[in-house]
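# Fold and geometry: a report
Spelled out, the chains give:
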Amino acid sequence: MSRDGSAGRSDGLAGWLRGWGPAVSMASRNLRRNRVRTVLAVLGVCIGVLAVAALGIFGNVLALGADDAIGDIGTQVVVSPNNDAGVESLSDADVASIRRAVDGPAVVPLYSDSATVARQGDQTFATVYGVEEPALAYEAAEGRLPERHRQGAILGAGIAEDLDAGAGDTVEIAGSQVRVIAVLVESQTFSPVAPDDAVFLPESAFSADGYAQALVVSDTGAEARAAADAIREAVNAREERVELFELAALVDEINEFFDLLSTFLLGLGAISLVVAGVSILNVMLMSTVERRQEIGVMRAVGVTRRDVLRVLLAEAGLIGAAGAAAGTLLTVLLVAGLVLATSAVDAALVIDRTNAYYLLLALVFGVGVGIVSGAYPAWKAANERPVEALRS
């Protein structure tokens, strides 16, 4: 019993698929009979698909560029004493509480001061930090960061450029000659702790009673958010001793903005596709009116409603597919031309694989618009009585 049922379903599916071959062939001949109208309908879909794909890709490139520009700021949390509560510095007990709370991310406490840094007649004013384990938070472009900072100075990229100093040189900090042991990689972060315009000395160079800040460095934004929540619960359990600058929250807001921008741009492009859909609807309605007698003859000689429906849907689908393919190709050419003509656009961002989603979305949307727009005219023509069609 089940074997016969399976065979019947198989034959039915094969017959259904075979029916689309002649339908597509006849639909392509019908479209060639009125080339101007067909080309205009295809052009409408092409423009709509171009708008959806291009605006989607441009929005995504902006988001990727912003994400690349802000770097890893979402992985850092800056903990500072709450001056409003009368806390002027972070004690060793505070730092220990922070380390216990985060349980994983690196915690780098910092002393802070300011001083004049000079070399060979050039001088600049810089923030001076005292740090014991700089390698936990920073990377060196020149020299090597020690596991324990005991002597020497570490220069930020901006200070090193201003003074034309590198690893092995000597700089004067607050009147004392100090050898430079490393220069940091240029920072891509936005943070109260700005390493580019700072100098890092050993903790022993400071005589302050407590730390000015503590930097919590995580591997991911999610880990940074969890660390920030844990610090609030542990350190601020009884009183608001510390303030947190949670960079992951800033990144989330930026990402939400660009998601909204991408959605808005896609909406603008979708309007063009809706207009194209109306154009296809008009073409198909006009086509069915003009071919009313032809459809009546087809029905009178035994062509089924399903076959008529197939032919007309195939026509609409071919218009949508041709317009979608042309629009997708034009989008690729447009984006490639933009990359070649504008040096400000990073080619790596344009060829990012996430942009393929917008090409695929526009392609599917274009074909779908064609089929949906042709559905009503096809249904109307297939269900008209042959006698009424021939009488007209």
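Above: the structure in question.
A brief look at the structure comes next. Bear in mind the structure is a predicted one, so any value in this text is a computation, not a measurement.

This brings us to the overall build of the chain. Helix and strand counts for the chain come out as 11 helices and 10 strands. When the 392 residues of the chain are sorted by exposure, 42% land in the buried category. Carbon and sulfur atoms make up 56% of the accessible area of the chain, which totals about 20900 Å².

Mapped onto the elements of the fold, Gly 320 is located in helix α8 (residues 305-341). Owing to a relative accessible area of 0%, Gly 320 belongs among the buried residues under this scheme. Between the C-alpha atoms of Gly 320 and Gly 370, which are 50 residues apart in sequence, the distance is 4.2 Å. Dropping the residues within four chain positions of it, Gly 320 is found in contact with Val 45, Gly 366, Val 367 and Gly 370.

Moving on: the packing of aromatic side chains. Under the criterion given, the structure shown has five aromatic pairs. When the centroid spacing of 4.5 Å and the interplanar angle of 35° are considered together, the rings of Tyr 111 and Tyr 211 count as tilted. Taken together, the positions of Tyr 111 in strand β2 (residues 106-119) and Tyr 211 in the loop between β8 (198-201) and β9 (213-217) put the pair 100 residues apart, joining distant regions of the chain. Residue classification places Tyr 111 among the buried residues on the basis of a relative accessible area of 12%. By relative accessible area, which is 9% here, Tyr 211 ends up buried. Pairing Tyr 129 with Phe 200 gives two aromatic rings, centres 5.5 Å apart and planes at 25°, and the pair type is stacked. Highlighted residues: Tyr 129 in strand β3 (residues 122-130) and Phe 200 in strand β8, separated in sequence by 71 residues. Residue Tyr 129 shares its accessibility class with Phe 200, and that shared class is buried. Ring-pair connections join several aromatic residues into one group, and the members of that group are Tyr 111, Phe 206 and Tyr 211.

Turning next to the nonpolar core. Val 79, Ile 98, Ile 173, Val 199 and Val 216 are the most contacted members of the largest nonpolar core, which has 35 residues in total. Here the element with the most residues in this core is helix α5 (residues 221-235); it accounts for five residues. Aside from chain neighbours lying at most four places away, what touches Ile 173 is Ala 115, Thr 116, Val 117, Val 128, Ala 153, Val 178, Val 199 and Leu 201. Among the nonpolar cores identified, the runner-up in size contains 32 residues, and Ala 41, Ala 53, Ala 316 and Leu 349 belong to it.

The next subject is the environment of Arg 99. Structurally, the position occupied by Arg 99 is in helix α3 (residues 92-102). Note: C-alpha distance between Arg 99 and Ala 227 (128 residues apart in sequence) is 9.7 Å. Arg 99 has contacts with Val 107, Pro 109 and Glu 133, leaving out every residue within four places of it along the chain.

Another point: the environment of Gly 143. Structurally, Gly 143 is set in strand β4 (residues 140-143). Not counting the four nearest positions on each side in its chain, Gly 143 is found in contact with Ala 167, Ile 181 and Ala 182.

A surface patch of like charges, here negative, comprises Asp 122, Glu 161, Asp 162, Asp 164, Glu 186 and Asp 197. When you line up the elements, Glu 161 lands in helix α4 (residues 157-163). Overall, the relative accessible area of 66% leaves Glu 161 in the exposed class.

Before going further, it helps to examine the pattern of salt bridges. This model, assessed by the stated rule, comprises nine salt bridges. Arg 232 is paired through a salt bridge with Asp 229; the nearest N and O atoms lie 3.2 Å apart. Of this pair, Arg 232 and Asp 229 both sit in helix α5, three residues apart, which is roughly one turn of the helix. Here Arg 232 and Glu 246 are joined by a salt bridge, their closest N and O atoms 3.0 Å apart. Highlighted residues: Arg 232 in helix α5 and Glu 246 in strand β10 (residues 242-246), separated in sequence by 14 residues. Judged by relative accessible area, which is 34%, Arg 232 ranks as partly exposed. Overlapping salt bridges bring together Glu 132, Glu 133, Arg 148 and Arg 150 as one network.

Take unusual backbone geometry next. Despite not being glycine, Asp 103 has its phi angle at roughly 50°, a positive value. Structurally, Asp 103 is set in the loop between α3 and β2. With relative accessibility at 66%, the residue Asp 103 sits in the exposed group.

On to the packing of α3 against α5. Look at α3 against α5: their axes get within 8 Å of each other, and the N-to-C directions meet at 130°. In terms of their interaxial angle, α3 and α5 are classed as oblique. In the packing of α3 onto α5, the handedness of the crossing is right-handed. Each of Ser 97, Ile 98, Ala 101 and Val 102 in α3 lies in contact with α5, whose residues at this interface are Ala 227, Ala 230, Ile 231, Ala 234 and Val 235. Residues that form the contact of α3 with α5 fall into these classes: eight nonpolar, one polar and no charged.

The rules behind these values
- Residues numbered from 1 in each chain as written.
- Predicted model: local features only at pLDDT ≥ 70, side-chain atom pairs only at ≥ 80, totals over all residues.
- Heavy atoms only, no water.
- Helix = DSSP H or I, 4+ residues; strand = E, 2+ residues; numbered from the N terminus.
- Buried < 20%, exposed > 50% of the residue type's maximum accessible area, 1.4 Å probe, protein only.
- Areas by Shrake-Rupley, 256 points an atom, 1.4 Å probe, with all protein chains shown as cover.
- Contact = heavy atoms within 4.5 Å.
- Phe/Tyr/Trp six-rings, centres within 6.5 Å; stacked < 30°, edge-to-face > 60°.
- Core = buried A, V, L, I, M, F, W, Y, C linked by side-chain atoms within 4.5 Å.
- Patch = residues over 30% accessible without salt bridge, like charges linked within 9 Å, V, L, I, M, F, W, Y side chains within 5 Å.
- Salt bridge = Lys/Arg side-chain N within 4 Å of Asp/Glu carboxyl O.
- Lys, Arg positive; Asp, Glu negative; His and termini not counted.
- Charge placed at Lys NZ, Arg CZ, Asp CG, Glu CD.
- Axes fitted to C-alpha atoms, helices over the stretch in contact; angles between N-to-C directions.
- Parallel < 35°, antiparallel > 145°, perpendicular 65-115°, else oblique.
- Left-handed = near helix turned anticlockwise from the far one by under 90°.
- Nonpolar A, V, L, I, M, F, W, Y, C, P; charged D, E, K, R; others polar.

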